[in-house]
Amino acid sequence: MKKAIYAGSFDPLTLGHLDIIERAAKLFDCLVVAVLENPNKQSLFSVEERKCHLEMATARLENVEVASFKGLLAEFAREIGATVAVRGLRNAVDFAAEYQMYLINRKLGQEIETVFLAADEEHLSLSSTNVKEVAVFGGNIDFMVPQEIKPFILEKYQK
Ligand code: PNS
């Protein structure tokens with residue numbers, strides 16, 4: 001069974017992330033979407049909240065599981081038996097950073113192959129940072145996030 005991991009912050013989940021998840025789920029027998037628990041990074045949503053958002057948005061995808069991890073991606077991938085790390089690429093800036101991450105992950109876990117999926121053109125401008133930037137000023141985020149997640153984002157900024 002070919003198991004892949006798609007790790008990220010998902011703070012919050014965007015339509016770009018969801019597109020990568022849907023496409024990767026078609027390529028592998030099992031896709032584990034893993035939220036990084038990073039105590040050094042201030043986040044809008046807790047890890048549990050982000051897992052819950054991912055579970056809601058991927059409930060219809062039978063071979064997708066949601067998890068969280070601390071520490072190294074390569075180690076967590078090994079622990080769960082994933083042999084592929086999926087990453088999305090929007091542009092050359094992403095590529096530069098992702099290529100470095102790929103090289104490091106290769107050193108840390110030689111059995112793990114990285115597969116890059118090019119973002120759909122509709123999602124090239126999407127990032128979790130941009131979602132927060134628009135939401136904080138009350139802008140329309142309909143084209144940025146899955147509909148199920150939208151109320152949770154609005155709620156954060158109404159407080
Ligand atoms: O959503 P993001 O912020 O682009 O996700 C980045 C993530 C979580 C995939 C990356 O930071 C990661 O794998 N962190 C775990 C630590 C690690 O393994 N680092 C080695 C590569 S530099």
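Here, the structure is the one placed above.
Remember, it's a predicted structure, so these values are computed and weren't measured experimentally.

J.: Explain helix α4 (residues 92-108) residue by residue, including any values.
T.: With 17 residues, α4 should cover 24 Å at 1.5 Å per step; its first-to-last C-alpha distance of 24 Å lies within 8% of that length. Among the residues of α4, Asp-94, Glu-98, Tyr-102 and Asn-105 are the ones counted as buried. Looking straight down α4, one finds that the buried residues subtend no more than 70° of arc, so they occupy a single side. In α4, the exposed residues that point more than 90 degrees away from the buried face are Ala-92, Val-93, Gln-100 and Lys-107. In the core, the buried residues of α4 are packed alongside α3 (73-80), β4 (84-89) and β5 (113-118). One side-chain oxygen of the residue at the start of α4 lies 3.1 Å from the amide nitrogen of Val-93, identifying that residue as Asn-91.

J.: Can you explain the site of the ligand? Please cite residues and give values.
T.: The full set of residues close to the ligand is Ala-7, Gly-8, Ser-9, Leu-36, Gly-71, Leu-72, Leu-73, Arg-87, Met-101 and Asn-105. For the ligand, an oxygen atom lies 2.9 Å from a polar atom in the backbone of Ser-9. In this structure, Leu-73 approaches the ligand through a main-chain N or O atom, which is 2.8 Å from an oxygen atom. Its atoms largely coinciding with the cavity grid, the ligand occupies the largest pocket. Contributions of two or more residues to the shell around the ligand are made by β1 (3-8) and α4.

J.: Hey, could you go over unusual backbone geometry for me, with residue numbers and the actual values?
T.: That bond from Asp-11 to Pro-12 is cis: its omega, 5°, falls within 30 degrees of zero. Although it is not a glycine, Phe-10 adopts a positive phi angle of roughly 50°. Position of Phe-10 among the secondary structure elements: in the loop between β1 and α1 (15-27).

Each value, and the rule that gives it
- Residues numbered from 1 in each chain as written.
- Predicted model: local features only at pLDDT ≥ 70, side-chain atom pairs only at ≥ 80, totals over all residues.
- Heavy atoms only, no water.
- Helix = DSSP H or I, 4+ residues; strand = E, 2+ residues; numbered from the N terminus.
- Expected span 1.5 Å × (residues − 1).
- Buried < 20%, exposed > 50% of the residue type's maximum accessible area, 1.4 Å probe, protein only.
- Arc of directions from axis to C-beta.
- Contact = heavy atoms within 4.5 Å.
- Polar contact = N/O pair within 3.5 Å; in protein donor to acceptor, adjacent residues only side chain to side chain.
- Near = heavy atom within 4 Å.
- 1 Å grid on protein atoms, 1.4 Å probe; cavity = no way out; pocket = protein on both sides within 12 Å on 5 of 7 lines; lining within 4 Å.
- Sits in = over half its atoms within 2 Å of the grid points.

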